[in-house]
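Each chain, letter by letter, is given below.
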Amino acid sequence: MPQPKKKLTGLIVAIVVIAAAIVLFGSMCACACRIGKCLENAVDVPQDAAKPTALPAEPTPRATPQPETAAVSFPGTPDPMIFDGQVSLKTPVPQENPAAWVRPKKVQLKNDGTDVVTVLVLMNGSDLESQYGEATNDLLEMVRAEKSDRVNILVETVGTRNWDRYFGISSRHAERYRVDSGRLTLLDGTLGQLDTTIPSTLSDFIRWGVETAPADRYILLLWDHGGGPVYGFGYDEFRSFNSSLTIDEMQIALRDAGVYFDFIGMDCCLMSSLEVCCALYEYCDYTILSEDFEPGCGWSYQGWLSALADNPAIDTPALAEIAIDDSIRAAGRSSDPDDGMTLALIDESYMTLLYPAWVEFAYANETALLSQNYSQLREFSDRAHPRLSRSIGNWSTNEYSLDDYYITDMLSLAANIPSKTSDALCATLDHAIAYYGATAGETTLSGLSVTLPYGDRSFYNELKRVFRNAGIDADYIEWLGRFVTAETGGHYDFGGWNGWDDYLGGFDWGNWPSLFDGRNYEEEWAGGIDLFDLFSLLFP
């Protein structure tokens, strides 16, 4: 049930409200007509279609319709939202239509036949190429895709001791190529042996790509191992297996590069998490990420790159659907039982709602979360990060899993811990996860995870450093420390939970709770003034 709004009583409070109203009114009158028009044009978000069960060789599609609504700027709402501990938990929540309370997409195409796209691929081949030739296989898919003079595909090859000879890629130093029809064209072979675990390698590549192929739409792909939101991206064979590009270092690279992307995709394991998406919020409209271990073959490239060549202005959800469906089908056809796969398109604009929805749920259900270990159990694949396999797992027998990364599926938690905050979290996930695909054995996952460091002090210490540097709220990071000493009753049994197939939807956004466990995020942010009431006074 919705919490009643606080009444403004007393002369002092009234004076504060009047003064705040005057200040806000002066700054907002100029945009009153625009905001009012946005509200008039806002429409209800349509309900999702049924979410079918995955078949071994077919994807499990899960598409959220994208409403054509204008975004409404709420008085006092910072834009863009920065997860820096100052405003991260204090976003005003929507009362009716969530799509009207998130930022509009920043990448706007002309759609007149002149749009140009540049796809940047940081291909850190690592042992995936040296031992299995997986990077070369994906490059073959790229060169076989249809080409257009309005779509540029630029690749940096790096981090690999033994590149396959098919394309003549050097193993002695990094190189930059353009993907042409049937071949790679070398553009720069003077780079030396770059370190993919430091921010400057990524930022330099992005800046070079933009200078080489200016475009209306930029797409960034990171190709290699993934270690989740704490261990981050990449294993460079010329560096220590403990080295990687963590999410705070990704932020440094993206900030230094100064480019905003249509979407950032990571062809690697375990990167579809709330923390990763929050870290990337300021740098892209969408992300395409995997919550689980990826199979060695990773993404399929030929189909979606061909679709992009055919229509460089193709809608991102439509393009992502092709990429996800093709990748899931390819993984489903594999004879290897470890080649299960999940892949999700995440709408980054919903992080301003999803983050506070998660924190409200987590704090309200602390006792339940600490009583059992909710981390999912999954076997690793070839793309599991060597750092984990050499430290706590058994590389030869696959004896480690998502549990070793303390990764927990968000929808599974919300659906299996009933509370007044559960429905709000599920509904927000339903909008944030714009499309999802999974092979038959992975349908218990839903596309986005969260990190709960059960019983591991060293892992938590590293988490604190990375999350703090990435700007995640300090109070929340400290709260996560309680999981280190939690005395759980073992792993939670999710039983017959079937992910999106079991989600019923139907959340009433008018019931979004503004209070839980005595905390009122509106009050903390706005100094006790009820912004919803103030909005209605200024714009009756």
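Up top you'll find the structure we're talking about.
Sequence order as written defines residue numbering, which begins from 1 separately in each chain. Side-chain atom pairs in this predicted model are given and counted only at pLDDT of 80 or more, local residue features only at pLDDT of at least 70, and totals for whole chains, interfaces and linings cover all residues. Each side-chain value is worked out from all heavy atoms of the structure, with water and hydrogens disregarded.

**What about the overall build of the protein?**
Rules: By definition, any uninterrupted DSSP run of H or I lasting at least four residues is a helix, any uninterrupted run of E lasting at least two residues is a strand, and each is numbered from the N terminus. Residue burial is assigned from relative accessible area. The probe radius is 1.4 Å, only protein chains are included, and a residue is buried under 20% of its type maximum, exposed over 50%, and partly exposed in between. The contact criterion used throughout is that any non-hydrogen atoms of two residues lie within 4.5 Å. Note on areas: Shrake-Rupley with a 1.4 Å probe; residue coverage comes only from the protein chains shown.
Helices and strands together make up the secondary structure of the protein, namely 19 helices and 13 strands. Looking at the protein as a whole, 60% of its 540 residues qualify as buried. Across the protein, contacts joining residues at least 24 apart in sequence account for 78% of those joining residues at least 6 apart. Split by element, the accessible area of the protein, about 20400 Å² in all, is 50% carbon and sulfur.

**Some thoughts on helix α10 (residues 316-332)**
Keep this limit in mind: Residue count minus one, scaled by 1.5 Å, sets the expected span of a helix.
Spanning 17 residues, α10 covers 24 Å between terminal C-alpha atoms, matching the ideal 24 Å at 1.5 Å per step. All of the buried residues in α10 are T316, P317, L319, A320, A323, I324, D325, S327, I328, A331 and G332.

**Here's the deal with the pattern of salt bridges**
It is possible for side chains of opposite charge to pair when their charged atoms get near one another. Condition: Should a side-chain nitrogen of Lys or Arg be within 4 Å of a carboxyl oxygen of Asp or Glu, the pair is scored as a salt bridge.
In this structure the tally under the stated criterion is 11 salt bridges. Between K110 and D216 there is a salt bridge; the shortest N-O distance is 3.0 Å. Of the two residues, K110 sits in the loop between α2 (32-41) and β1 (117-124) while D216 sits in the loop between α5 (199-212) and β5 (217-223), which places them 106 residues apart along the sequence. Among the residues examined, K110 registers a relative accessible area of 44% and is labelled partly exposed. Using a relative accessible area of 34% as the deciding quantity, one classes D216 as partly exposed. Between D204 and R207 there is a salt bridge, and its shortest N-O distance comes to 2.5 Å.

**What to know about the packing of aromatic side chains**
Where we set the bar: Pairing of aromatic rings covers Phe, Tyr and Trp, the last through its six-membered ring, and needs centres within 6.5 Å; plane angles under 30 degrees mean stacked, over 60 mean edge-to-face, and all others mean tilted. Charge-over-ring contacts are defined here by two conditions on Lys NZ or Arg CZ: a distance within 6 Å of the ring centre and an angle within 35 degrees of the ring normal.
Following the criterion strictly, the structure yields 18 aromatic pairs and no others. Ring geometry for W500 and Y503: centres 5.4 Å apart, planes at 85°, overall edge-to-face. The buried category is assigned to W500, whose relative accessible area is 4%. Put simply, the rings of Y355, Y363, Y454, Y476, W479 and F483 touch in pairs and so form one group of aromatic residues. Cation over ring: R103 sits above Y281, and NZ or CZ is 4.0 Å from the ring centre.

**So, the side chain of D236**
Put simply, the rule is: Positive charge is attributed to Lys and Arg, negative charge to Asp and Glu, and no charge count is given to His or to the chain ends. Distance and chemistry together define a polar contact, namely a pair of N or O atoms within 3.5 Å, with one atom able to donate a hydrogen and the other to accept it when in protein, and with adjacent residues in sequence counting only for side-chain atoms on both sides.
Mapped onto the elements, D236 comes out in the loop between α6 (228-231) and α7 (247-257). It is R239 that comes nearest to the buried, bridge-free D236 among opposite-charge side chains, at 4.1 Å. Of note is the side chain of D236, whose polar atom sits 2.8 Å from the backbone nitrogen of F238. Not counting the four nearest positions on each side in its chain, D236 is found in contact with N124, G159, L194, D195, T196 and T197.

**Some points on α5**
Every α-helical turn comprises 3.6 residues, leaving residues that sit three or four positions apart pointing alike. With 14 residues, α5 should cover 20 Å at 1.5 Å per step; its first-to-last C-alpha distance of 20 Å lies within 8% of that length. If you check which residues of α5 are buried, you get P199, T201, L202, S203, F205, I206, W208 and G209.

**Topic: the pairing of strand β7 (residues 284-289)**
Put simply, the rule reads: Clockwise travel from the first strand over the helix to the second, with the strands pointing away from the viewer, marks a crossover as right-handed. Note on pairing: DSSP must find at least two bridges between two strands before they are called paired.
Counting buried residues in β7 gives six out of six residues, a clear majority hidden from the surface. Once you follow strand β6 (residues 261-267) into helix α8 (residues 274-279) and on to β7, the crossover reads as right-handed. Direction of pairing for β7 relative to strand β8 (residues 342-347): antiparallel, over a ladder of four bridges. Within β8, the position partnered with T287 by the bridge is I346.

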